[in-house]
Amino acid sequence: MKRLITSSGSNGAVSSASILASAEGIKVLKNGGNAVDAALTMASILTLDEPYFNSIGGHGILLIYSSKTNSTECLDFGGFLPKLFNINQLGNPPRLNKYSPTSTIFPALLSGWNEVLRKFGSYNLKCILQPSINYAFNGIEVTPTLQNNLKNIKDNTINNYEFNKIYFPKNKVPDINDKIYFHDLGNTYELIANNGIEYFYNGPLTNTICNHLNKVGSRFTLKEFNSYKPIWRDTLICSYPDGFEVVVPKCQTASPTILTQLNVLNKLGQTVGGKELIHLKLEIAKIALNLRSLYCGDPKYHDIKYDYLISEELAEIYLKKLNINSTLNDEIKNISSHLTPDGTSHLCVVDSENNIVSLTQTIGPHFGTLDIIPGTGILMNNEGIFFDLLPINGPNYPVGGKLSQHDMSPVLIYKYSNPVVAIGTPGGTGITQTTAQVIQKIISNKYDIGESIADDRYRYYGNNNFKIENVNELTKNYLLNIGHKINEPHLNDPNNLFDTNTIWPGGFNAITTDKHNNLFTSASDWRRNCSAMSF
């Protein structure tokens, strides 16, 4: 059942996938912390309350609006393959394995937190980590979502001592409301809080991490940890009717394709409606996934055509290709990673000064590689599976030292040069598709933020396969007859609400800000049991 999850206040607002994280974010704001302080406190809580998608063994990206400078900045703390990586490590022929240490990219998350805290925060790292330290030792209650994720991976954890001692201490899946304790991770957080991130990147913990990763088959070096720095990136902006501007990161993310889709949708306008419009929107989602494979990757290794991806020219090309009576089969052949599983967390914060953070972080799908650095509680990512093995030497082909292309897409929306929305979602390769769908509703001025998030969505998986919510039989038959393969999930089944399959449309978190009227609204997605709070 669709429902709106929103909360409005005059002093600040937060939105995340965790009630604990959102509550701690509000507490920071009430205690005088700013949006960055709250966002990072929430991000650290997610490593405990959404451990299947979060760890300091992962990476991330954020957009921040500073009211002091009236500017938006992007911080990229994305991970890369070890410089000593060789494609032969993936076998012959090469294959990506989500549980292999060769799928672990550099754990940049903690450095990203520290960098944005240094530049924009008012708290120190110890203050940021203290709530997580408390929860680590006092325990986190098992939610239905956590329980379900543990059920899905238990068969893959046989003989995995470090993982099982945390999540299966009684050799069984824990019951809902049982507590999970993160003693090793709590100790690690205390050491980082007292010694700074140097303890992780240039200290005793660095040796522990490198030695373990190399022992199990990775090739990271101490030098790579010692020298790592997050990157402040440019952003991409497109303008739309009624003064709207949409801002996305400009780096190895696929988020430029959000703007591509919005540009095509904008040109399509009101010329088509009904089932024909649904068909054309499915085709536009297909275009986005195709462009991801063709153009998105590490800009240090490839000349990424950002200007072309967000150009009116490209939108016109695809507008002319759309046909209400047929599908774009030629847009399928370049798609190579459409079946990559999902696994990401997003959060948004706005404070009383109208500073805004839109942050996405991940370890990849469902507990990453399942590999926990012994004695530390740090779960390692498997984000290397988002590299593309085809085309060979393409923009996202795996190469030593190369940043992994990802789909994390924090977004800010402006209206008449004022920030009005921060938004983002999990969803793997579906992120850019569903984000464009929700933003299109927002900038159409027909939906408020809660309605835009709650409304039906769709997602393309390749080979003309789509999932779509609540499509009627007439529309479904029309889509099937012209070549689509439609899978309509039973999202209204109360026994299925916490199944991981129900989050394929994403789990949006967003905030809106009306500084003139001193009103901040947070919104969260019913599909993922998210949490929106304000005060």
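No experiment lies behind these values; they were computed from the predicted model shown.

A. The arrangement of the overall build of the chain in detail. The helix and strand inventory of the chain stands at 17 helices and 21 strands. For 535 residues, the compact-globule estimate of 2.2 N^0.38 gives 24 Å, and the C-alpha radius of gyration of the chain, at 22 Å, lies within 12% of that figure. Dimensions of the chain along its principal axes, counting C-alpha atoms only, are 60 × 60 × 45 Å. Contacts spanning at least 24 positions in sequence make up 72% of the contacts within the chain whose residues lie at least 6 apart. A distance of 3 Å separates the average location of the 45 positive side-chain charges in the chain from that of its 47 negative side-chain charges.

B. Quick peek at the nonpolar core. Of all hydrophobic cores here, the largest spans 76 residues; its most connected members are Leu150, Phe163, Phe200 and Phe367. Among the elements that take part in this core, helix H2 (residues 35–49) stands out by supplying ten residues, more than any other. Beyond its immediate chain neighbours, meaning those up to four positions away, Phe200 contacts Ile56, Pro107, Leu110, Ile192, Leu205, Thr206, Ile209, Phe225 and Ile378. Grouped together as the second largest cluster of nonpolar side chains are 27 residues, Ile304, Ile310, Val421 and Ile442 included.

C. Structural detail: the sheet that holds strand E18 (residues 485–487). Taken in spatial order, the three strands of this open sheet run E16-E17-E18, and their pairing is mixed. Every other strand in the sheet has two partners, leaving strand E16 (458–462) and E18 as the edge strands with one partner each. Each adjacent strand pair in this sheet contributes to an overall mean axis angle of 25°, direction not counted. Examined bridge by bridge, strand E17 (residues 465–468) and E18 share three bridges and lie parallel to one another. Residue pairing for E18: Asn465 is matched across the bridge by Lys485. Relative to the sheet, helix H12 (residues 274–295) contacts E16, E17 and E18, its axis offset from that of E16 by approximately 50°.

D. The arrangement of the pattern of salt bridges in detail. This model, assessed by the stated rule, comprises 18 salt bridges. A salt bridge links Lys441 to Asp455, with the nearest nitrogen and oxygen atoms 3.8 Å apart. You can see Lys441 sitting in helix H15 (residues 431–443) and its partner Asp455 sitting in the loop between helix H16 (449–454) and E16, a full 14 residues away along the chain. Per residue, the accessibility class of Lys441 equals that of Asp455, and both read buried. For Arg527, the salt bridge goes to Glu469, with nearest N and O atoms at 2.8 Å. With Arg527 in the loop between strand E20 (519–524) and strand E21 (531–534) and Glu469 in the loop between E17 and helix H17 (473–481), the pair connects residues that are 58 residues apart, well separated along the chain. Residues Arg527 and Glu469 agree in their burial class; the two are buried. Connected through shared salt-bridge partners, Arg457, Glu469, Asp525 and Arg527 make up one network.

E. Just the packing of H2 against helix H3 (residues 109–120), in detail. For the pair H2 and H3, the least separation of the axes is 10 Å and the interaxial angle reads 165°. By the angle class used here, H2 and H3 are roughly antiparallel. Taken as a pair, H2 and H3 cross one another with a handedness that is left-handed. Two secondary-structure elements touch here, H2 through Val36, Asp37, Leu40, Ala43, Ser44 and Thr47 and H3 through Trp113, Val116, Leu117 and Phe120.

F. Spotlight on H2. With 15 residues, H2 should reach 21 Å at 1.5 Å per residue; the first-to-last C-alpha distance of 20 Å fits that figure. Within H2, 15 of the 15 residues are buried, which leaves it mostly tucked inside the rest of the structure. The N-cap of H2, judged by a side-chain oxygen 3.0 Å from the amide nitrogen of Val36 a few residues on, is Asn34.

G. Representation of the sheet that holds E20 in the model. In spatial order, the strands read E1-E20-E19-E15-E14-E9-E8; together these seven strands make up an open sheet with antiparallel pairing. For this open sheet the edge positions go to strand E1 (5–9) and strand E8 (235–240), each flanked by a neighbour on one side alone. When the angles between neighbouring strand axes are averaged without regard to direction, this sheet yields 20°. Across the sheet, H15 is in contact with E8, strand E9 (244–249), strand E14 (411–415) and strand E15 (418–424); its angle to E14 comes to roughly 15°.

H. Expanded view of the packing of helix H1 (residues 19–30) against H2. It is the contact of H1 with H2, at a shortest axis distance of 8 Å, that shows an interaxial angle of 155°. As the angle between them shows, H1 and H2 are arranged roughly antiparallel. The two elements H1 and H2 cross, and the hand of that crossing is right-handed. Counting all contacts with H1, which are made through Ile19, Leu20, Ala21, Ser22, Glu24, Gly25, Val28 and Leu29, the residues of H2 involved are Ala35, Asp37, Ala38, Thr41, Met42, Ile45, Leu46 and Asp49. The residue makeup of the contact of H1 with H2, split by class, is ten nonpolar, three polar and three charged.

Definitions and limits used
- Residues numbered from 1 in each chain as written.
- Predicted model: local features only at pLDDT ≥ 70, side-chain atom pairs only at ≥ 80, totals over all residues.
- Heavy atoms only, no water.
- Helix = DSSP H or I, 4+ residues; strand = E, 2+ residues; numbered from the N terminus.
- Rg over C-alpha atoms; globule rule 2.2 N^0.38 Å.
- Contact = heavy atoms within 4.5 Å.
- Lys, Arg positive; Asp, Glu negative; His and termini not counted.
- Charge placed at Lys NZ, Arg CZ, Asp CG, Glu CD.
- Core = buried A, V, L, I, M, F, W, Y, C linked by side-chain atoms within 4.5 Å.
- Buried < 20%, exposed > 50% of the residue type's maximum accessible area, 1.4 Å probe, protein only.
- Pairing = 2+ DSSP bridges.
- Axes fitted to C-alpha atoms, helices over the stretch in contact; angles between N-to-C directions.
- Salt bridge = Lys/Arg side-chain N within 4 Å of Asp/Glu carboxyl O.
- Parallel < 35°, antiparallel > 145°, perpendicular 65-115°, else oblique.
- Left-handed = near helix turned anticlockwise from the far one by under 90°.
- Expected span 1.5 Å × (residues − 1).
- Polar contact = N/O pair within 3.5 Å; in protein donor to acceptor, adjacent residues only side chain to side chain.
- Nonpolar A, V, L, I, M, F, W, Y, C, P; charged D, E, K, R; others polar.

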